[in-house]
Amino acid sequence: MAIRQVFWDWNGTLLDDLAYAVDVRNRVFPRFGLPPIDSLERYYEQFTFPVRLYYERAGVTDANFAAVANAWMDEYVRGFDSLSLREGALEALKRLHARGIRQVVLSASKRELLGDQLSRFPIVHYFDTYLGLGDIYAGSKEEIGLTYLRTCGISPQESLMIGDTLHDAEVARAMGVACVLVSGGHQSRETLLSTGLTVVDSLMEAAQAAG
């Protein structure tokens with residue numbers, strides 16, 4: 001069945017924020033007595049969803065989780081204007097738009113922040129809508145994806161998820177949609193390959209998988 005709808009992840013997939021996220025962590029975590037991270041490999045070893053589990057791996061406790069998460073988000077937002085889209089993002093969005101494929105952002109970011117971030121790039125008009133969570137704690141986006149699918153008028157069999165993490169694969173599986181993963185984001189290529197899904201190295205390759 002032909003793909004009529006693509007769900008795009010935001011952070012690490014369309015948005016090039018991997019190095020920035022590591023830098024923000026290294027500025028914020030030491031304020032709470034937590035060590036900085038010394039390599040991308042170490043980040044890949046720790047990063048996961050929900051973000052609370054990633055924080056636990058980094059030494060954050062239940063007692064200071066909210067404080068660390070809020071401090072991280074404040075620092076992240078402060079420098080957001082320095083970020084850019086990943087290479088090929090605009091071309092990939094244009095390709096799908098030209099083929100009449102509906103595009104939706106499905107993110108674990110807080111929806112209000114997500115909307116503000118999207119508006120800073122010339123891409124909003126490519127999306128039918130954007131879906132985010134109600135808080136900053138980056139839990140699962142599975143339920144908002146499922147809720148949208150029930151009412152959007154396009155079947156799971158006609159939909160595709162494009163993301164950069166195991167969580168994107170898990171959400172796609174729960175939604176019953178196909179999934180392509182893109183390396184170079186918040187989890188390593190080796191980790192993505194463990195899903196058995198197609199893993200590509202560019203956003204254009206991912207878009208070509210949709211049509």
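Structure shown above.
Rules used throughout
- Residues numbered from 1 in each chain as written.
- Predicted model: local features only at pLDDT ≥ 70, side-chain atom pairs only at ≥ 80, totals over all residues.
- Heavy atoms only, no water.
- Pairing = 2+ DSSP bridges.
- Helix = DSSP H or I, 4+ residues; strand = E, 2+ residues; numbered from the N terminus.
- Axes fitted to C-alpha atoms, helices over the stretch in contact; angles between N-to-C directions.
- Contact = heavy atoms within 4.5 Å.
- Salt bridge = Lys/Arg side-chain N within 4 Å of Asp/Glu carboxyl O.
- Buried < 20%, exposed > 50% of the residue type's maximum accessible area, 1.4 Å probe, protein only.
- Phe/Tyr/Trp six-rings, centres within 6.5 Å; stacked < 30°, edge-to-face > 60°.
- Lys NZ or Arg CZ within 6 Å of the ring centre and 35° of its normal.

1. Some remarks on the sheet that holds strand E6 (residues 159-163)
Strand pairing in a sheet takes place through backbone hydrogen bonds and is either antiparallel or parallel in direction. One open sheet holds the six strands; their spatial order is E5-E4-E1-E6-E7-E8, and the pairing between them is parallel. Looking at which strands have only one partner, the edges of the open sheet turn out to be strand E5 (129-133) and strand E8 (198-200). Going across the sheet, the axis of each strand differs from the next one's by a mean of 25°, ignoring polarity. Alignment of strand E1 (residues 5-8) against strand E4 (residues 102-110), held across four bridges, turns out to be parallel. Residue pairing across strands places Gln5 opposite Arg102, the latter belonging to E4. Its contacts with the sheet put helix H8 (residues 166-175) on E1, E4, E6 and strand E7 (178-182), and the angle it makes with E7 is roughly 170°.

2. Looking at the pattern of salt bridges
Side-chain pairs of opposite charge can arise whenever the charged atoms involved come near each other. Within this structure, the stated rule accounts for 14 salt bridges. Glu45 is the partner of Arg42 in a salt bridge, and the nearest nitrogen-oxygen pair spans 2.9 Å. Here Arg42 and its partner Glu45 are both found in helix H2 (residues 40-46), three residues apart, which amounts to about one turn of the helix. Judged by its relative accessible area of 38%, Arg42 falls in the partly exposed class. Judged by relative accessible area, which is 53%, Glu45 ranks as exposed.

3. Re helix H1 (residues 18-28)
Within the span of H1, buried status applies to Leu18, Tyr20, Ala21, Val22, Val24, Arg25 and Val28. In this structure, the buried side of H1 is in contact with strand E2 (15-16), H2, helix H3 (51-57) and helix H4 (65-78).

4. Examining the packing of aromatic side chains
Applying the stated criterion across every chain yields a total of 14 aromatic pairs. Pairing Tyr43 with Tyr44 gives two aromatic rings, centres 6.4 Å apart and planes at 50°, and the pair type is tilted. For the pair Tyr43 and Tyr44, one class covers both residues: buried. Relative to Phe121, the ring of Phe80 has its centre 6.2 Å away and its plane inclined at 75°; by these criteria the two rings are edge-to-face. Of this pair, Phe80 sits in the loop between H4 and strand E3 (84-85) while Phe121 sits in the loop between helix H6 (111-118) and E5; the two residues are 41 residues apart in sequence, bridging distant segments of the chain. By the burial criterion, Phe80 is buried, and Phe121 matches it. An aromatic cluster of three or more residues is present, and its members are Phe29, Tyr43, Tyr44, Phe47, Phe49, Tyr54, Tyr55 and Phe65. The ring of Phe65 carries Arg52 above its face, with NZ or CZ at 4.2 Å from the centroid. The aromatic ring of Tyr130 is capped on one face by Arg111, whose charged end is 4.1 Å from the ring centroid.

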